[in-house]
Amino acid sequence: MVGNGARHDVPPPAAALRRARWAISLVFLVHGSVTGSFATRVPWIQEHTGIGAGQLGLALAFPAIGASLAMPLAGRISHRFGARTALRGLLALWTLSLILPPLAPGLYALCPALLLYGASAGMSDVAMNALGVETEDRLGRPIMSGLHGMWSVGALLGSAAGTVAAHAGTDARLHLGGTALVLTAVGAPACGGVLDLRGAADAPAPPRFALPPKSALVIGAVGFCAVFAEGASLDWSAVYLRDVLGTGAGPAAASTTAFACTMAAARLAGDRVVARFGPVRTVRCGGVLATAGGLLVVAAPHPVVAMAGFALVGLGIAVVVPLAFAAAGRSGPAPSQAIAGVATITYASGLIAPSTIGGIAQATSLTISFALVTLLAAGLIAGARVLRLPPLPATAEPHAATEPPATAETSATPKSPPQP
C-alpha cells in the first residue's frame, strides 16, 4: 500500500503481524499525545508571544494549511524510502516539531513554526493510516477504529500531562521540549515494529502533488460531517452549557471531557461492532445516535439533557473517520493519495467548524449553530453506503512487499513497552 505497483511477496508470520498491530497502535498513541500536549499550552504561547485573540486565530490556521499542503507528499516519501523508514522519520519530525512553537518570540516566528508543525502532522498521519489499513487487511479483521481510539487515548494523556504542567506553572518551553524528546524516544522503536512495505522497483513514484481521486472526495464528504460535529462539540460544548443553559464553569468544562472520553471509548470498542454489523450499518446507526444527540442538545431544557446529547454525538460519530480512512485505502490503485485526500477534507472540516459555529452563533444563536451540527449528523445516515468495504480476508493476505520472512519476524518486534 505504499504506492502504485506494489509487488506481492510472502506475508509475514502471524506472530509478526500481531506485533505489527501493537506497534502501529503505539504510533497512533504517540501521534495523539503530541496534539493533546500542544493544545494545553496554547494560552501560554499566546501570553509569551504577546499576540491578541485575532492574531492567535490566524496563527492556529497554519497547522491545517501546512497539513493540507504536505499530506500528498507522504505517499512519495513512503515509495522512496519504504513505509517503515518513512514513518520513523515523519513521526520523529512531528514529535520534535513540538519544540518550536513555544520558542517563537512573536507572531512572525510562530506562524512558520506552526506551518511545519502541521505539515509533519499531516504527513505522519497519512503514513500511519496507510500502514493501519494494510495491517488490517493482513490480519483479516477490523482494527482501524481501535487505532483511532489509541490516538484519542494519546490525546487525553497528553492533555492531562499538559494540564498538570500548566497548573504547576511550568514553562512551556521546558514542558513541550521534554515531551518532544520522550515521545520521540517512544515513537522511534515503535516504528521499527510496523510492516515494512515497499513498492515494486519498476513502479512509478506517486506525484508530489495531485488532486484526490473522486472516490476520496465522496468518502471525505462523510468524514467532513463527522469531523465538523466533533470539532463543534469539543470547542463549543462548554460554552453552550454556560451561555445557553446557565451552567457553572466546572460542569461545563466536564462536558467537554466527557465528550472526548465517550469518543475514545467508542473507538476502542468500535472494531467489534464493525466486525459484527459491517461499516455501513454501523455508520447508519451512529448517524441516528448523533442526530438524536444533536436534537437533545438543541431542545435541552436542562444541562444534564444537553450533556447526554453531546455524549450521544460523540458515540455516534466515533468510528466514522477510521472507517473513512479504511474505505479510502481500498478505493483504488493509489491508496496513499486517496487517504491524503480524505485527510485533507477532514482537516479542513476541523478547521472551519469552530469558526462557522461562532459565526452562526453571533448572527443568530448557539442553538441554531447546533441545529446545523444535527443536520450534518443526519447526513451520516444517507452517506454511510459510501463506506462499504470489500470483505476482509479470513487469513492474512499479501498486498505489498515485506522483508524476507526470516528477518520480518525480528524486525517487527517493538523495542519499547506498549505504553509511554
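Worth saying up front: this structure is predicted, and the values here are computed from it rather than measured.

A. Quick look at the overall build of the protein chain. Regarding its fold elements, the protein chain presents 17 helices and 0 strands. Per-residue burial over the protein chain gives 54% buried out of 420 residues. Taking as baseline every contact in the protein chain between residues at least 6 positions apart, the subset at least 24 positions apart corresponds to 87%. Accessible area of the protein chain: about 16600 Å², with a carbon and sulfur share of 69%.

B. Here's a closer look at the packing of helix α1 (residues 14-40) against helix α7 (residues 107-139). Between α1 and α7, the shortest axis-to-axis distance is 10 Å and the interhelical angle comes to 155°. The angle between the axes of α1 and α7 places the two elements in the roughly antiparallel class. Viewed along their axes, α1 and α7 form a crossing whose handedness is left-handed. Contacts between α1 and α7 involve L17, R21, I24, V27, F28, H31, V34, T35 and F38 on the former and, on the latter, L114, Y117, A121, S124, D125, M128, N129, L131, G132, T135, R138 and L139. Here the residues of the contact of α1 with α7 sort into 12 nonpolar, 6 polar and 3 charged.

C. Seen up close, helix α13 (residues 303-317). Here α13 contains 15 residues, and its C-alpha end-to-end distance of 21 Å stays within 8% of the 21 Å for a straight helix at 1.5 Å per residue. All of the buried residues along α13 are P303, A306, G309, F310, V313, G314, G316 and I317.

D. Highlighting the packing of aromatic side chains. In this structure the tally under the stated criterion is 6 aromatic pairs. Consider the rings of F310 and F370, whose centres lie 5.5 Å apart with planes at 85°: the pair is edge-to-face. Taken together, the residues F310 in helix α13 and F370 in helix α16 (residues 366-383) connect sequence positions 60 residues apart. Chaining the aromatic ring pairs together yields one cluster made of F38, W94 and Y117. Directly above the aromatic system of W22 lies the positively charged group of R21, at a separation of 5.2 Å from the ring centroid.

E. Geometry of the environment of R76. If you trace the backbone, R76 turns up in helix α5 (residues 73-81). For R76, a relative accessible area of 27% corresponds to the partly exposed category. When the C-alpha atoms of R76 and A86 are compared, they prove to be 9.6 Å apart, with 10 residues separating the residues in sequence.

F. Local environment of the nonpolar core. Counting residues in each nonpolar core, the largest one holds 108 residues, and the members touching the most others are I24, V27, L87, I317 and F370. Looking at this core, the element that brings in the most residues is α7, giving 15 residues.

G. The environment of P101, seen in detail. Among the structural elements, P101 can be located in the loop between α6 (83-96) and α7. Once the C-alpha coordinates of P101 and I45 are considered, the two residues, 56 residues apart in sequence, prove to be 7.3 Å apart.

H. Representation of the packing of helix α15 (residues 335-363) against α16 within the structure. Closest axis-to-axis distance for the α15/α16 pair is 7 Å, and the angle between their directions is 135°. Classified by the angle between their axes, α15 and α16 sit oblique to one another. Of the two elements, α15 crosses α16, and the hand of that crossing is right-handed. Contact with α15, carried on its side by T356, I357, I360 and A361, involves L366, I368, S369, F370, L372 and V373 of α16 and no other residues of that element. Its residues assigned to classes, the contact of α15 with α16 shows 8 nonpolar, 2 polar and no charged.

I. Fine view of a nonpolar patch on the surface. Residues L93, L100, L103 and L116 make up a contiguous nonpolar surface patch of about 300 Å² in total accessible area. The topology assignment puts L103 in the loop between α6 and α7.

J. Structural context of helix α12 (residues 279-299). Compared with the 30 Å implied by 1.5 Å per residue over 21 residues, the 30 Å span of α12 between its first and last C-alpha is a close match. Taken together, the buried positions of α12 are P279, V280, T282, V283, G286, G287, A290, T291, G293, G294 and V297. On an axial view of α12, the arc spanned by its buried residues comes to 165°, and they lie on one face. Exposed side chains of α12 directed beyond 90 degrees from the buried face belong to R281, L295 and A299. Where α12 is buried, its residues contact α10 (214-243), α11 (249-277), α13, α14 (320-329) and α16.

K. Up close: the environment of V320. Secondary-structure assignment places V320 in helix α14. Here V320 falls in the buried class, since its relative accessible area comes to 0%. What V320 contacts, discounting residues up to four positions off in sequence, is V222, G223, A226, V283, L380 and L387.

L. Expanded view of the confidence of the model for the protein chain. Per-residue pLDDT for the protein chain averages 84, and the proportion of residues at 70 or more is 85%. Low pLDDT, under 50, characterises residues 1-10; the stretch is placed with 45 contacts to residues that sit more than four places away or in other chains. When the criterion is pLDDT under 50, residues 395-420 qualifies, and its contacts beyond four places in sequence or with other chains add up to 71 contacts.

M. Region of the structure containing the side chain of T40. Along the chain, T40 falls in helix α1. Here the side chain of T40 touches S37 through a polar contact of 2.8 Å, landing on its backbone oxygen.

N. Structural context of the side chain of S255. Within the secondary structure, S255 is located in helix α11. Separated by 2.5 Å, the side chain of S255 and the backbone oxygen of A252 make a polar contact. Those residues in contact with S255 that sit more than four places away from it in its chain are S237, A238, L241 and M307.

O. Here's a closer look at the pattern of salt bridges. Scanning all chains against the criterion turns up 5 salt bridges. Salt-bridge contacts for E134 lead to R138; the nearest nitrogen and oxygen are separated by 3.0 Å. With a gap of 4 residues between them, E134 and R138 both fall in helix α7, about one helical turn apart. A relative accessible area of 0% means that E134 is categorised as buried.

The rules behind each value
Residues numbered from 1 in each chain as written. Predicted model: local features only at pLDDT ≥ 70, side-chain atom pairs only at ≥ 80, totals over all residues. Heavy atoms only, no water. Helix = DSSP H or I, 4+ residues; strand = E, 2+ residues; numbered from the N terminus. Buried < 20%, exposed > 50% of the residue type's maximum accessible area, 1.4 Å probe, protein only. Contact = heavy atoms within 4.5 Å. Areas by Shrake-Rupley, 256 points an atom, 1.4 Å probe, with all protein chains shown as cover. Axes fitted to C-alpha atoms, helices over the stretch in contact; angles between N-to-C directions. Parallel < 35°, antiparallel > 145°, perpendicular 65-115°, else oblique. Left-handed = near helix turned anticlockwise from the far one by under 90°. Nonpolar A, V, L, I, M, F, W, Y, C, P; charged D, E, K, R; others polar. Expected span 1.5 Å × (residues − 1). Phe/Tyr/Trp six-rings, centres within 6.5 Å; stacked < 30°, edge-to-face > 60°. Lys NZ or Arg CZ within 6 Å of the ring centre and 35° of its normal. Core = buried A, V, L, I, M, F, W, Y, C linked by side-chain atoms within 4.5 Å. Patch = residues over 30% accessible without salt bridge, like charges linked within 9 Å, V, L, I, M, F, W, Y side chains within 5 Å. Salt bridge = Lys/Arg side-chain N within 4 Å of Asp/Glu carboxyl O. Arc of directions from axis to C-beta. pLDDT = per-residue confidence, 0-100. Polar contact = N/O pair within 3.5 Å; in protein donor to acceptor, adjacent residues only side chain to side chain.

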